[in-house]
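# Survey of secondary and tertiary structure
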Amino acid sequence: MAEKLLLIDGNSIAFRAFFAMHNQIDKFTNQNGLHTAAIYGFKLMLDHVLANYQPDKALVAFDAGKQTFRTEMYADYKGGRAKTPTELTEQLPYLHEMMHACGIKTYQLANYEADDIIGTLARLGDQAGDETLIVTGDRDLTQLVTDKTTVAVTIKGVTQTEMYTPAHFQEKFGVTPTQFIDMKALMGDSSDNYPGVTGIGEKTAQKLIQEYGSLDGLYENIDQMRKSKRKENLVNEEKIARECKDLATIRRDAPLTIGLDDLKYQGEQTEELTKFYQEMNFKSFLSKMNVAPSAEETTDAKEIAYTELTADNLDLLADLDHHVTFQLEMPNENYHLSTFAGFVIGDGQTWLVSRDESLLQTAPVKKILTSDQYTKDVFNAKAQIVGLHRLGIELNYVAFDLLLASYLVDPSDNSNDLGELAHAHDYYDVKSDEEVYGKGVKRAIPTDDQVFFTHLAQKARAIHELRAPVYDQLKEHEQMPLYEDIELPLTYVLAKMEIAGIKVNAQTLKEMGSKLKERLAEIEQVIYQEAGEEFNINSTKQLGEILFDKMKLPVIKKTRTGYSTAVAVLEKLQGYSPIIGHILEYRQIAKLQSTYIEGLLKVIHSSDQKIHTRYLQTLTATGRLSSVDPNLQNIPVRLEEGRQIRRAFVPSEPGWKIFSSDYSQIELRVLAHITGDKNLQQDFIDGKDIHESTARRIFHLLPGEEVTPDMRRHAKAVNFGIVYGISDYGLSQSIHVTRKQAHEFIESYFEEFPGVKKYVTEIVKSAHEKGYVETLTHRRRYLDDIHSKNFAKRSFAERTAMNTPIQGSAADIIKIAMINMDKVLRAHDLKARMLLQIHDELVFEAPAAEIPTLEKLVPQVMDSAFKLDVPLKVESKYGDTWYDLKK
DNA sequence: CCGGTCACG
DNA sequence: ACGTACGTGACCGGA
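Residues numbered from 1 in each chain as written. Chains lettered and ligands numbered in written order. Predicted model: local features only at pLDDT ≥ 70, side-chain atom pairs only at ≥ 80, totals over all residues. Heavy atoms only, no water.

## Points about the UniProt feature "domain: DNA-directed DNA polymerase family A palm" (unreviewed entry) in chain A
- Under the UniProt annotation, the feature "domain: DNA-directed DNA polymerase family A palm" (unreviewed entry) is placed at residues 642–850.
- As annotated, residues 642–850 has a helix share of 58% and a strand share of 13%, and its two end C-alpha atoms lie 30 Å apart. (UniProt positions renumbered as here; feature names shortened; annotations may be inferred. Helix = DSSP H or I, 4+ residues; strand = E, 2+ residues; numbered from the N terminus.)

Encoded structure:
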């Protein structure tokens, strides 16, 4: 009878699991200091596979050691690989132990790699008529794919895999699995460190094998190949190619001492596995098995005692400790509008809960929330401040914000759900809102008091209990000043800005909207005429069919799903047909209409004619803010037509003005500071036009020579490129020059700015070593892909390593400026209000009489927010609307 | 719910 | 040879 066989590539999965969990490496250690992240990740993968595949037979194969028949053949095989971290190698013995507890056999064989064990067993399985699944993190194993054998390669984390069947393999590589070995013989493998034939990479190898069918076929017909450098290399390096083929070929006849009959999957050995989990301190797995984390803890941790607070027992509040945890529950994400479902307040011993938010207005509660006699721990302080403000209560003296602090520890830990975030911290005695409230249309606050109050109390307890460990992490990262002096004070400032809101004249928007509507209808008709039929212009699919199938315009670029019709593509098609210009115009107006006219009209609060955005303080990977519901950080400005939208943004009081100040070139100034490059610093100190002076340097102009507009434009693009983590290809695309020219620009830039070059090298090196990069204030970003074998992923991580300290430090600086600005406005008793932050710009509204004061004060505060080795420069403007700003 | 597109810094 | 400029959010169409 056909059975299901599961073969797991132990070393490669352990490796993947280790790096997938790498940013949490500190959290995964057991009582004895053993790192356990790889073991944990391995088990996650295993559970996922077992649940989905349900094998009859299973085996985890391991490499026996460094010495194999391949290293005997070729001494440099897998040479040059970084040493496996000891944090990983120390975990491998325990994987065997865990597999035993899971009822799965493990096996390794001297002189052979895990690949060969798997290859051999898969062949045996095929011959026995079994169905086989191979799970690995190494794409090389896909050569084992057959009609009966599927290979699952992990792509992200450990539970997401790409399934290789013969059909998928063919589609992806354009050759059969056997041919792929021949391809590798030609192209080599940089991670296994064998060379292949000089000058042949994946694309050429694929072409040659497709043409000749195989390596043998190629060499049989090599005489007919026309004379070329490539042919010469192929002929000279035939021996190498054949050796490489041998190295690349996974053995299917390894001398195994076990057979298929030894692989029966036994199922979990509950007692043994429980013991193992306890040894590893795997609380989440233990809780799934309904067992307490360790023998001493006998109570069910999920239970929690609470008391319902009512008007009659308010005296309970007086007994609370003066360090409380509080949460006002708002079911809707948008806390400006959400209803209130209830609240919880407590001190770790006592948890008081209620559905009745009017109790918050009573003196004893209000006192706790407002007074400096009580410090408060919360989750998302800004939401709490705004929510309570709507109830007429001022929340002060927040000590700990779990959301904010977790975000600083790792900005990718930014779930807005307390339960999920707690789980990420390995704390499981609280559920996620989705688990308790449901999702989609079914989402609702439970009517059962027991269910709802338990959830509230558990949330509060999670905040309380996670405070100490999260503080420890902040301290370990040297992030206490970032947390206490920047992010937490900023939360209050942002709350104030959101509450203030910005006045928007709906009438202005409506008038613009009706004009746009008319124009849209006109252009639409013209486009239908030109296309010869009516279609949905907003559909890229339909538009592509019209342009490229019907009208036969040249295809410039394709996307995964069809033809690309992006602006860059359409601009290249200008001149082929007048329809292109009309489509571009249609797109521009349609965008204004839907996003900015209709979109903004929808979010004006009827009560005050204002828009109240929410700034997300715990979202971006770099430390910038983002703005939602609506996004006020991308209101059009570059094109005049869109810029008109800003006419609708007006001061909220008669006789007031809109005032705005922005940092000039803050990212390049930060770059000059961080890199310490003397030339770049000097140019800023001398107050030069930085793009012009960059042009002077990289184009080697003499003192009398003039910088042409083109030179300046190119230099500006290079400066942008440097900030983004430059690549010649990217630069060439942005300024429409050849890749070679772009490369020369970059080379020239690095010669002129050697400090920048040094920085780029060092930050990438440091990111490789540490796995993260930091900003000026120790804001941290982990870069998991920095160790990736995949060139594209790794390159992306390397560019991120260059960009994040720049973009993130600029974000740090303006955040400090905002906190100081808020203080200064109060100190000077000004009526002016800070309304918006747009990354390098602050927008205010103020009485006309205060404008002269602001013109002095705001640049002063912004300039001095952070002492850099170069000056910061700030420019201010003001006017009657956001559109009319003038110097 | 995802991908394409386009608005901003 | 590989395939990209960095960071966001909103809207639309089409599975």
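## Structural notes on the sheet that holds strand S10 (residues 351–354)
- Across the sheet, six strands lie side by side as S7-S10-S9-S8-S11-S12; this open sheet has mixed pairing. Of all strands in the sheet, those bounded by a partner on one side alone are strand S7 (307–308) and strand S12 (398–401).
- Here S7 runs beside S10; their pairing, made up of two bridges, is parallel. Note that in S10 the partner of Thr307 across the bridge is Leu352. (Pairing = 2+ DSSP bridges.)

## Observations regarding the protein's contact with DNA strand C
- As a matter of local geometry, DNA strand C sits amid 37 residues, with Lys203, Ser539, Ser626, Tyr729 and Arg739 nearest to it.
- The sugar and phosphate moieties of DNA strand C supply 64% of its atoms located within 4 Å of the protein.
- One nitrogen or oxygen atom from the side chain of Ser734 is found 3.1 Å from a base nitrogen belonging to DNA strand C.
- Side-chain polar atom of Arg739 to a base oxygen of DNA strand C: 2.6 Å apart, as the coordinates give it.
- Mapped by element, the contributors of at least two residues to the surface near DNA strand C are helix H25 (578–602), strand S18 (626–628), helix H30 (709–724), helix H31 (728–735) and helix H34 (791–827).
- Here the surface near DNA strand C gets six residues from one element, more than from any other, and that element is H34.
- Here the surface near DNA strand C is composed, by residue class, of 11 nonpolar, 19 polar and seven charged. (Near = heavy atom within 4 Å. Polar contact = N/O pair within 3.5 Å; in protein donor to acceptor, adjacent residues only side chain to side chain. Nonpolar A, V, L, I, M, F, W, Y, C, P; charged D, E, K, R; others polar.)

## Quick notes on the sheet that holds strand S24 (residues 841–847)
- If you walk across this open sheet you meet the four strands as S23-S24-S20-S25, and the pairing is antiparallel. The open sheet has two edge strands, strand S23 (833–837) and strand S25 (874–879), and neither has a second partner. Ignoring which end each strand starts from, the neighbouring axes of this sheet average 25° apart.
- As paired elements, strand S20 (residues 656–663) and S25 share six bridges and run antiparallel to each other. In the strand pairing of S25, Ile658 is matched with Gly879.
- Its contacts with the sheet place H34 against S20, S23 and S24, and it is angled at close to 165° to S23.
- Lying on the sheet, helix H35 (residues 851–863) is in contact with S20, S24 and S25; it crosses S20 at an angle near 25°. (Axes fitted to C-alpha atoms, helices over the stretch in contact; angles between N-to-C directions. Contact = heavy atoms within 4.5 Å.)

## Concerning the environment of Asp216
- For Asp216, the location among the structural elements is in helix H10 (residues 215–220).
- Here the alpha-carbon distance between Asp216 and Glu641, two residues 425 residues apart in the chain, equals 64 Å.

## Regarding the packing of helix H28 (residues 678–685) against helix H29 (residues 690–698)
- Between H28 and H29, the least distance of the axes is 10 Å, while the angle of their chain directions is 140°. Relative to H29, the element H28 lies oblique. For the pair H28 and H29, the crossing hand works out as right-handed. Two secondary-structure elements touch here, H28 through Asn679, Leu680, Asp683 and Phe684 and H29 through Ile690, Ser693 and Arg697. (Parallel < 35°, antiparallel > 145°, perpendicular 65-115°, else oblique. Left-handed = near helix turned anticlockwise from the far one by under 90°.)

## Here's the deal with the protein's contact with DNA strand B
- Residues in close proximity to DNA strand B total 22 residues, the closest being Thr565, Arg587, Lys591, Val637 and Asp840.
- Counting only the atoms of DNA strand B that lie within 4 Å of the protein, the sugar and phosphate share comes to 77%.
- It is H25 that provides the largest number of residues to the surface near DNA strand B, a total of three residues.
- The residue makeup of the surface near DNA strand B, split by class, is seven nonpolar, nine polar and six charged.

## Observations regarding the packing of aromatic side chains
- One pass over the full model with this rule turns up 24 aromatic pairs.
- Measuring from ring centre to ring centre gives 5.4 Å for Phe699 and Phe745, while their planes differ by 90°; the resulting arrangement is edge-to-face. Taken together, the residues span a long stretch of sequence, with Phe699 in the loop between H29 and H30 and Phe745 in helix H32 (residues 739–752) at a distance of 46 residues.
- Taking relative accessible area as the criterion, Phe699 reaches 22% and is therefore assigned partly exposed.
- Put simply, the rings of Phe28, Tyr40, Tyr277, Phe282 and Phe285 pair up and form one aromatic cluster. (Phe/Tyr/Trp six-rings, centres within 6.5 Å; stacked < 30°, edge-to-face > 60°. Buried < 20%, exposed > 50% of the residue type's maximum accessible area, 1.4 Å probe, protein only.)

## Thoughts on the confidence of the model for chain A
- Overall, the prediction assigns chain A a mean pLDDT of 90, with 97% of residues at 70 or greater.
- Ignoring residues within four places in sequence, the model shows residues 292–301, a span with pLDDT below 50, making 10 contacts including any to other chains. (pLDDT = per-residue confidence, 0-100.)

## Points about the pattern of salt bridges
- By the definition in use, this model includes 41 salt bridges.
- Close ionic contact of Glu243 with Lys239 constitutes a salt bridge, the shortest N to O distance being 3.4 Å. Of this pair, Glu243 and Lys239 both sit in helix H12 (residues 238–248), separated by four residues, roughly a single helical turn.
- Here Arg713 ties to Asp710 by a salt bridge, and the two come within 3.2 Å at their closest N and O atoms. Here Arg713 pairs with Asp710, and both are found in helix H30, just three residues apart, close to one helical turn.
- Several salt bridges share partner residues, and in doing so they unite Glu487, Arg779, Asp812 and Lys815 into one network. (Salt bridge = Lys/Arg side-chain N within 4 Å of Asp/Glu carboxyl O.)

## A short note on the packing of helix H21 (residues 480–500) against H34
- The interhelical angle for the contact between H21 and H34, taken along N-to-C directions, is 60°, at an axis separation of 9 Å. When the interaxial angle is binned, H21 and H34 end up oblique. Helix-helix and strand crossings are classified by hand; for H21 and H34 the assignment is left-handed. Each of Asp485, Ile486, Glu487, Pro489, Leu490, Val493, Leu494, Lys496 and Met497 in H21 lies in contact with H34, whose residues at this interface are Lys815, Ile816, Met818, Ile819, Asp822 and Arg826.
- Split into classes, the residues belonging to the contact of H21 with H34 amount to nine nonpolar, no polar and six charged.

## Details of a negative patch on the surface
- Taken together, the side chains of Glu97, Glu271, Glu272 and Glu279 present a region of like negative charge at the surface.
- Locating Glu97 in the fold gives a position in helix H5 (residues 92–101). (Patch = residues over 30% accessible without salt bridge, like charges linked within 9 Å, V, L, I, M, F, W, Y side chains within 5 Å. Areas by Shrake-Rupley, 256 points an atom, 1.4 Å probe, with all protein chains shown as cover. Lys, Arg positive; Asp, Glu negative; His and termini not counted. Charge placed at Lys NZ, Arg CZ, Asp CG, Glu CD.)

## Looking at helix H11 (residues 229–236)
- Among all positions of H11, only Lys231, Asn233 and Leu234 are buried. An end-on view of H11 places all buried positions within 160° of arc, on one side of the element. In H11, the exposed residues that point more than 90 degrees away from the buried face are Lys229 and Asn236.
- Packing partners of the buried residues in H11 comprise helix H8 (177–187), helix H9 (202–212), H10 and H12. (Arc of directions from axis to C-beta.)

## What about the environment of Ser354?
- Among the structural elements, Ser354 can be located in strand S10.
- Here Ser354 falls in the buried class, since its relative accessible area comes to 2%.
- Remark: the alpha-carbon pair of Ser354 and His464, spanning 110 residues in sequence, is separated by 19 Å.
- Not counting chain neighbours up to four residues away, the residues in contact with Ser354 comprise Leu309, Ala341, Gly342, Phe343, Leu359, Phe453 and Leu456.
- Among the polar contacts listed, one links the side chain of Ser354 to the backbone nitrogen of Asp356, at a separation of 2.8 Å.

## Some thoughts on the nonpolar core
- Membership of the largest hydrophobic core comes to 177 residues, with the highest contact counts inside it found for Leu360, Ile645, Tyr663 and Tyr749.
- The dominant element in this core, judged by the number of residues it contributes, is H34, at 14 residues.
- Leu7, Ile117, Tyr212 and Ile222 belong to the second largest nonpolar core, which has 53 residues in total. (Core = buried A, V, L, I, M, F, W, Y, C linked by side-chain atoms within 4.5 Å.)

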